[in-house]
Amino acid sequence: MPGISISDFFKQKRTPSEIKSEILNEYFKAWAAILLKGQQYRRIKTLLYVDLFSGPGLYDDGEPSTPIKILNSINQSKRQNIDLDKAVKTFFNDKSKKLANDLKRNIENLPYYNSITHKPVIANEPASQKMLENYLQSSNPSLTFIDPLGYNYTQNMLLYSVKNWGSDLFMLFNINRIRAAIRNKKVKQNMKGIFASNYDKILEFYWNDERPHKREEFIIKTFQKIFEERNYFILKFKVNFPNRNQTSHYLFFISKVQLAITKAKEIMTKYSDMQEDGVPLFGANLKQDPLFFPSLCKYSIKKLSEIILQNSSMFNNKTIEKIYLEHNYNTNYIKQNYKDAIEILLNDNKIMIFDKKENPTKRITYTAKIKFN
């Protein structure tokens with residue numbers, strides 16, 4: 001997809017595969033780097049990448065889709081400070097025999113195919129718990145892509161994909177297909193498999209509230225609870241159809257590691273609509289979306305400065321970087337927002353800033369410590 005800038009990516013109609021491909025490759029590189037750079041904490045020799053909805057590897061125009069992009073990133077890393085080729089094993093599956101065969105041919109035609117240390121495993125079968133167990137049987141960290149409605153997924157399958165330390169789950173969640181499926185008896189078991197006992201709660205909510213945006217909000221919150229109740233960290237990103245006040249997809253990142261979610265936020269910010277003060281909405285094409293209007297009031301640089309001041313005992317004598325890492329989860333705030341909030345407090349004489357050598361300074365850096373007056 002040449003010529004498409006990050007800011008314009010969602011302005012055109014995108015298929016689920018294109019959305020997944022654009023975001024997932026960026027996250028894959030960040031995820032692998034975080035784990036392999038942390039060798040002083042854990043000895044990690046192998047990472048697993050699993051895509052159960054892979055497609056042929058190329059779009060109709062010949063541009064690479066997710067599998068080829070992932071392999072390109074692995075190959076390009078050989079010229080960088082982390083060699084992913086030695087560490088990453090890739091597994092691709094598509095239930096279409098033709099697409100799986102096309103993917104095999106397209107991968108084997110890559111100019112660097114013979115030099116790949118761990119040749120990609122390509123399968124053609126319906127996704128299942130057994131398939132996940134085969135791919136993820138080791139204790140190695142994994143990054144798995146799943147479309148929960150693409151196959152007969154269950155909660156157990158979703159949770160199994162993130163059972164190991166360092167294992168993250170990426171999902172493309174089609175809310176319109178969920179809406180259509182909730183009352184469809186033919187796919188009732190699939191819905192129960194995903195939502196379990198919460199399926200009946202969703203049906204009850206449907207009977208009591210006919211507002212589409214409230215139903216959508218309830219479904220999404222109910223889905224998030226599957227992971228939140230088990231102490232997983234979650235990042236949600238909403239994509240509306242261009243020029244339409246209607247949801248296209250949600251992107252979900254699920255992880256046991258809060259730092260992984262923070263890194264995903266930094267990546268998703270590049271694609272997000274922004275408030276005027278620089279706080280991201282973590283969604284695209286949202287300007288006319290009433291469901292997101294509360295976000296415009298809930299988060300602001302001014303409110304962030306007030307939160308930091310109100311929690312002075314918690315944040316006193318900590319670096320801006322540390323404050324950001326401790327506080328940002330479950331908010332829309334990103335790293336730059338904390339700098340901007342600290343600047344407000346500094347100008348209001350609420351704090352002082354000290355550099356690494358404990359000298360007073362007016363220079364706001366992420367390594368600077370703040371002390372409340």
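Above this text sits the structure in question.
These lines cover the structure that appears in this document, whether it is placed above or below. As a convention, each chain's residues are numbered from 1 in the sequence order in which they are written. In view of the model being predicted, local features appear only for residues whose pLDDT reaches at least 70, and side-chain atom pairs are presented and counted only at 80 or more, with totals across whole chains, interfaces and linings using the full set of residues. The side-chain values count all of the structure's non-hydrogen atoms but skip hydrogen atoms and water molecules.

### Overview of the overall build of the protein chain
Scanning the protein chain from N- to C-terminus turns up 15 helices and 12 strands. Think of it in three bands: with a 1.4 Å probe and only protein chains considered, a residue is buried below 20% of the maximum accessible area for its type, exposed above 50%, and partly exposed in between. Put simply, the protein chain has 373 residues, and 52% of those count as buried. Note on areas: these come from Shrake-Rupley sampling with a 1.4 Å probe, and a residue is covered only by the protein chains present in the view. Surface exposure of the protein chain reaches about 18100 Å², of which carbon and sulfur atoms provide 49%. Secondary structure elements follow DSSP: runs of H or I of four or more residues count as helices, runs of E of two or more count as strands, with numbering from the N terminus.

### A word on the environment of Asn 106
Tracing the backbone shows Asn 106 in helix α3 (residues 97–108). The class for Asn 106 is buried, based on a relative accessible area of 15%. Spatially, the C-alpha atom of Asn 106 lies 7.4 Å from that of Pro 56, the residues being 50 residues apart in sequence.

### Observations concerning the layout of surface pockets
Cavity means a closed set of points on a 1 Å grid over the protein atoms alone, one where a 1.4 Å probe fits but cannot get out, pocket means an open set with protein on both sides within 12 Å along at least 5 of 7 lines, and lining means a residue has an atom within 4 Å of a point. Grid points are joined across faces, edges and corners, and a volume is the space filled by probe spheres set on the points. Approximately 490 Å³ is the volume found for the second largest pocket. Looking at the second largest pocket, it is lined by 23 residues, and the ones nearest its centre are Ala 30, Ala 33, Ile 34, Lys 37 and Lys 263. Per element, the largest residue contribution to the lining of the second largest pocket is 6 residues, and it comes from helix α1 (residues 16–37). Just so you know the grouping, Ala, Val, Leu, Ile, Met, Phe, Trp, Tyr, Cys and Pro go in nonpolar, Asp, Glu, Lys and Arg go in charged, and all remaining residues, Gly too, go in polar. For the lining of the second largest pocket, the class distribution of residues is 9 nonpolar, 6 polar and 8 charged.

### Quick word on the sheet that holds strand β6 (residues 233–240)
Ordered by their spatial adjacency, 8 strands build an open sheet running β3-β2-β1-β4-β5-β7-β6-β8, and the pairing between neighbours is mixed. Both edges of this open sheet fall to β3 (121–123) and β8 (283–284), since each of them pairs with a single strand only. Note on pairing: DSSP must find at least two bridges between two strands before they are called paired. Where strand β5 (residues 168–173) and strand β7 (residues 247–255) come together, 5 bridges link them in antiparallel fashion. Counterpart to Leu 169 in the pairing with β7 is Ile 254.

### Topic: the pattern of salt bridges
We count a salt bridge whenever a side-chain nitrogen from Lys or Arg sits within 4 Å of a carboxyl oxygen from Asp or Glu. Here the structure, examined in full by the defined rule, presents 14 salt bridges. Residues Glu 216 and Arg 179 are paired through a salt bridge, measuring 2.4 Å at the closest nitrogen-oxygen approach. A residue pair is termed long-range when its members are at least 10 positions apart, and Glu 216 in helix α9 (residues 212–228) and Arg 179 in helix α6 (residues 175–182) qualify at 37 residues. For Glu 216, a relative accessible area of 3% corresponds to the buried category. According to the relative accessible area criterion, Arg 179 is partly exposed, its value standing at 25%.

### Topic: α6
Within the span of α6, buried status applies to Ile 175, Ile 178, Ala 181 and Ile 182. What you see down the axis of α6 is that its buried residues fit within an arc of 120°, all on one side. Looking at the buried side of α6, the elements it contacts are β5, α7 (188–195), α8 (198–208), α9 and β7. Distance and chemistry together define a polar contact, namely a pair of N or O atoms within 3.5 Å, with one atom able to donate a hydrogen and the other to accept it when in protein, and with adjacent residues in sequence counting only for side-chain atoms on both sides. If you check the start of α6, you find a side-chain oxygen 3.1 Å away from the backbone N of Asn 176, and it comes from Asn 174. In this context, the arc is that of the directions from the helix axis out to the C-beta atoms. Contacts: residue pairs with any heavy atoms within 4.5 Å of one another.

### Here's the deal with empty space enclosed by the protein
Considering all chains together, one arrives at 1 cavity of 30 Å³ or more under this definition. When its volume is computed, the largest cavity comes out at roughly 70 Å³. As for the largest cavity, its lining consists of Leu 71, Ile 74, Asn 75, Lys 78, Asp 85, Val 88, Thr 90, Tyr 112, Ile 116 and His 118. Elements with a minimum of two residues in the lining of the largest cavity: α2 (66–76) and β2 (88–93). At 3 residues, the largest contribution of residues to the lining of the largest cavity is made by α2. Tallied by class, the residues present in the lining of the largest cavity amount to 5 nonpolar, 3 polar and 2 charged.

### Examining the nonpolar core
Residues belong to a common nonpolar core when they are buried Ala, Val, Leu, Ile, Met, Phe, Trp, Tyr or Cys residues joined through side-chain atoms within 4.5 Å. In terms of nonpolar packing, the biggest core is built from 85 residues, with Phe 173, Phe 195, Phe 223 and Phe 227 touching the most fellow members. Residues Phe 315, Tyr 333, Tyr 338 and Ile 353 belong to the second largest nonpolar core, which totals 22 residues.

### Brief notes about a positive patch on the surface
To count toward a patch, a residue needs a relative accessible area over 30% and no salt bridge; like charges are then connected within 9 Å, while nonpolar side chains (Val, Leu, Ile, Met, Phe, Trp, Tyr) are connected within 5 Å. Counted as positive: Lys and Arg. Counted as negative: Asp and Glu. His and the chain ends are not counted at all. Think of each charge as sitting on NZ of Lys, CZ of Arg, CG of Asp or CD of Glu. Side chains of Lys 201, Lys 221, Lys 225, Lys 236 and Lys 298 sit close together on the surface and give a patch of like positive charge. Structurally, Lys 225 is set in helix α9.

### Some thoughts on the sheet that holds strand β12 (residues 369–372)
Within the open sheet, the 4 strands sit side by side as β9-β12-β10-β11. Their pairing is antiparallel. Every interior strand has two partners, whereas the edge strands, β9 (318–319) and β11 (360–361), have only one.

### Thoughts on the packing of aromatic side chains
We call Phe, Tyr and Trp rings a pair once their centres come within 6.5 Å, taking the six-membered ring for Trp, and we label the pair stacked below 30 degrees between planes, edge-to-face above 60, and tilted otherwise. Evaluated as defined, the whole model comprises 18 aromatic pairs. Ring plane angle 70° and centroid distance 6.2 Å describe the contact between Phe 195 and Phe 223, whose orientation is recorded as edge-to-face. Of this pair, Phe 195 sits in helix α7 while Phe 223 is found in helix α9, placing the two residues 28 residues apart along the sequence. On the basis of an interplanar angle of 90° and a centroid distance of 4.9 Å, the ring pair of Phe 233 and Tyr 329 is categorised as edge-to-face. On the criterion of sequence distance, the pair formed by Phe 233 in strand β6 and Tyr 329 in the loop between α14 (320–327) and α15 (335–347) is long-range, its members being 96 residues apart. To sit over a ring, a charge needs its Lys NZ or Arg CZ within 6 Å of the ring centre and within 35 degrees of the ring normal. When the ring centre of Tyr 366 is taken as origin, the NZ or CZ atom of Lys 335, which lies over that ring, is 4.6 Å away. Across the ring face of Phe 354, the terminal group of Lys 371 is positioned such that the distance to the ring centre comes to 4.6 Å.

### Details of the packing of helix α10 (residues 258–269) against α14
Think of each axis as a best-fit line through the C-alpha atoms, taken over the contacting stretch in the case of a helix, with angles from 0 to 180 degrees between the N-to-C directions. Closest axis-to-axis distance for the α10/α14 pair is 10 Å, and the angle between their directions is 105°. Viewed along their axes, α10 and α14 adopt a mutual orientation that is roughly perpendicular. Residues Gln 258, Leu 259, Thr 262 and Glu 266 of α10 lie in contact with α14, whose contacting residues are Tyr 324, Leu 325 and Glu 326. Considering only residue class, the contact of α10 with α14 consists of 3 nonpolar, 2 polar and 2 charged. Here the word oblique covers every angle except those under 35 degrees (roughly parallel), over 145 (roughly antiparallel) and from 65 to 115 (roughly perpendicular).

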